[in-house]
Amino acid sequence: MQIPSKLKPYYENVAFSKEDGRMIINLGPQHPSSHGNLRLVLELDGEKVVKCTPMIGYMHRGMEKMAENMIYQEFIPTTDRMDYVAASANNYAYVAAVEKLCGLEIPRRAQIIRMMLLELNRLASHLLWLATHALDIGAMTVFLYCFREREYVMDLIEKYCGARLTHSSMRIGGAMLDLPANFTQELLAFCDKFLNDVKDYETLLDDNRIWRLRTEGVGVVTKEQALSWGCSGVMLRGSGIEWDIRKEEPYLLYNEVQFGVPFANQGDTYARYKCYMQEFRESVKILRQLVPMYRESSPELICNNKEFVSASKEQIMTQNYSLMQHFVLVTQGLRPPVGDVYVPTESPKGELGYFIKSDGSTRPYRLKARTPSFWHCSFYEELLVGTYVADVVAIMGSTNIVLGEIDR
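Quantities reported herein were computed from a predicted structural model and do not represent experimental measurements.

1. Quick word on the overall build of the protein
Then, in step 1: Across its full length, the protein carries 17 helices and nine strands.
Then, in step 2: For 408 residues, the compact-globule estimate of 2.2 N^0.38 gives 22 Å, and the protein sits close to it at 23 Å.
Then, in step 3: Expressed along its principal axes, the backbone C-alpha trace of the protein runs to roughly 80 × 55 × 45 Å.
Then, in step 4: A buried classification covers 55% of the 408 residues belonging to the protein.
Then, in step 5: Partitioning the contacts of the protein with sequence separation of at least 6, the portion at a separation of at least 24 is 70%.
Then, in step 6: As displayed, the protein has an accessible area near 18500 Å², and 53% of this comes from carbon and sulfur atoms.

Following this line, the structure appears as structure tokens:
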């Protein structure tokens, strides 16, 4: 005879209670819409959130500490894993900090190639954000369209560096390779096509009644709150502050290209969506300007500084001193001068910067990453209070966080 077994409620490490109509529920850390391993402990009064406690640390890997045990070149692939959606942006932010520490001047062509990769990576990151954000709210078609166009972007990146997700595309001192044949033609063809795709997204969403009801007036971040909470990127620009590090503190050749800084004053989820859509167009505008700049540039890809950067392959194969220097750099690593440096960059999610303190050895004495997702996650406990539980996922999606940046 079969003995029926009745399952008893079991909640691991969770305080579950229901008192006076208030309920404590968990959103995540494995919820399909929790954007990584983020756990939100929500206290609800009916359907309204009265208290929110974000809990992180489920994928902590100690990357900043790992950097102190690696030579400078070895840490580049690790930066890919911080924001695996925008790997090249993390590669560049770290490499730029090391180059500033060493005082390296990067050849013009290498800077142009870096900008192309950064803007392509920005498009890929924004497309993933729009796809998953729309899916969270229930828009399935946009999810499929965005992933289709993201494949074209990743094809271009793969054609250059051979990888689609974790690129490791930057090198200290310049670029590892020149662009492959026909790359610029394919890039321009993609730019022509992609603008029509952006129109399709807007046609589906801009005046969609459900989309507007779920995003307008939801998750409002005022200008004062954005400044107080340390917001950057679209989280800051969507609240009416026209701030973009590519404009305010130009790096690479951003001061030579024309582009706008989209911003909105409403500060809600819909305003942030509109900023992202306009940023698609601005990135395409930058990419188009980079193609003629690339064709007019001289072919040098790596700076000539044998103390920090290996010489060209031709010199290594023909000059004994270059071979010895290359051997030392590969086996022991470069030795930057004693000092510290912080370089901010504009990643797809906001301000991304690396602080490095050097004691003159081949490994960083201290490395610290300033990642936008960490700051944007930290104010959930204030932003989500007073909202409805159904809006939590929509607001969380609009902040565009990646837990790899948070659990460093």
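After that view of the structure, there is still more to cover.
2. What about the nonpolar core?
One recurring pattern in soluble globular proteins: nonpolar side chains tend to sit buried together.
Then, in step 1: Within the largest apolar cluster, 96 residues are counted, with the highest numbers of intra-cluster contacts made by Y94, M116, L130 and Y354.
Then, in step 2: In terms of residue count, helix 4 (residues 108–137) provides more of this core than any other element does, 16 residues in total.
Then, in step 3: Those residues in contact with M116 that lie beyond four places of it in its chain are L179, F183, L187, L287, L290, V291 and Y294.
Then, in step 4: Counting residues in each nonpolar core, the second largest holds 28 residues, with L38, L40, C377 and V393 among its members.

3. Points about the pairing of strand 3 (residues 39–45)
Then, in step 1: Burial within strand 3 is extensive, with five of its seven residues counted as buried.
Then, in step 2: In the sheet, strand 2 (residues 22–27) pairs with strand 3 via six bridges, with the strands oriented antiparallel. Bridged to I25 within strand 3 is L42.
Then, in step 3: Direction of pairing for strand 3 relative to strand 4 (residues 48–55): antiparallel, over a ladder of seven bridges. Looking at the pairing, L40 lines up with P54 of strand 4.
Then, in step 4: A loop of two residues connects strand 3 with strand 4, the two strands running antiparallel in sequence, and G46 in this loop sits at a positive phi of about 70°.

4. Section: the sheet that holds strand 9 (residues 366–370)
Then, in step 1: If you trace the three strands from one edge of the open sheet to the other, you get 7-8-9, paired in antiparallel fashion. Lying at the two open borders of the sheet, with one neighbouring strand each, are strand 7 (339–347) and strand 9. Taken over all neighbouring pairs, the strand axes of this sheet differ in orientation by 10° on average, direction set aside.
Then, in step 2: Pairing geometry for strand 8 (residues 350–358) and strand 9, over five bridges, is antiparallel. Bridging from a neighbouring strand, F355 pairs with K368 of strand 9.

5. Some thoughts on the side chain of S322
Then, in step 1: Locating S322 in the fold gives a position in helix 13 (residues 320–331).
Then, in step 2: In this structure the side chain of S322 is engaged in a polar contact, spanning 3.3 Å, whose partner is the side chain of Q319.

6. Examining the packing of aromatic side chains
Given two aromatic rings, one states the distance between the centres and the angle between the planes to describe the pair.
Then, in step 1: Tallied over the full model, the rule gives 14 aromatic pairs.
Then, in step 2: Measuring from ring centre to ring centre gives 5.2 Å for F190 and F194, while their planes differ by 20°; the resulting arrangement is stacked. Residue F190 and its partner F194 are both found in helix 6 (residues 183–205); the two are separated by four residues, about one turn of the helix. Residue F190 shares its accessibility class with F194, and that shared class is buried.
Then, in step 3: When the ring of F194 is compared with that of F280, the centres are 5.4 Å apart and the planes differ by 80°; the resulting orientation is edge-to-face. Pair noted here: F194 is in helix 6 and F280 is in helix 11 (residues 269–296), with a separation of 86 residues, a long-range link. As far as the burial class goes, F194 and F280 line up, both buried.
Then, in step 4: Connected via pairs of aromatic rings, a cluster forms that spans Y92, Y251, Y254 and F259.
Then, in step 5: Lying over the aromatic face of Y294, R109 brings its terminal NZ or CZ to 4.3 Å of the ring centre.

7. Structural notes on the pairing of strand 7
Then, in step 1: In this sheet, strand 8 lies alongside strand 7 in antiparallel orientation, the contact comprising nine bridges. Bridge assignment links E346 to a residue of strand 8, and that residue is E351.
Then, in step 2: Remark: two residues form the turn of the hairpin made by strand 7 and strand 8, two consecutive strands paired antiparallel.

8. Observations regarding a nonpolar patch on the surface
Then, in step 1: Among the surface-exposed residues, I56, F374 and W375 lie close enough to one another that they form a single nonpolar patch of about 260 Å² accessible area.
Then, in step 2: Tracing the backbone through its elements, the reader meets F374 in helix 14 (residues 372–378).

Thresholds, definitions, all that
Residues numbered from 1 in each chain as written. Predicted model: local features only at pLDDT ≥ 70, side-chain atom pairs only at ≥ 80, totals over all residues. Heavy atoms only, no water. Helix = DSSP H or I, 4+ residues; strand = E, 2+ residues; numbered from the N terminus. Rg over C-alpha atoms; globule rule 2.2 N^0.38 Å. Buried < 20%, exposed > 50% of the residue type's maximum accessible area, 1.4 Å probe, protein only. Contact = heavy atoms within 4.5 Å. Areas by Shrake-Rupley, 256 points an atom, 1.4 Å probe, with all protein chains shown as cover. Core = buried A, V, L, I, M, F, W, Y, C linked by side-chain atoms within 4.5 Å. Pairing = 2+ DSSP bridges. Axes fitted to C-alpha atoms, helices over the stretch in contact; angles between N-to-C directions. Polar contact = N/O pair within 3.5 Å; in protein donor to acceptor, adjacent residues only side chain to side chain. Phe/Tyr/Trp six-rings, centres within 6.5 Å; stacked < 30°, edge-to-face > 60°. Lys NZ or Arg CZ within 6 Å of the ring centre and 35° of its normal. Patch = residues over 30% accessible without salt bridge, like charges linked within 9 Å, V, L, I, M, F, W, Y side chains within 5 Å. Salt bridge = Lys/Arg side-chain N within 4 Å of Asp/Glu carboxyl O.

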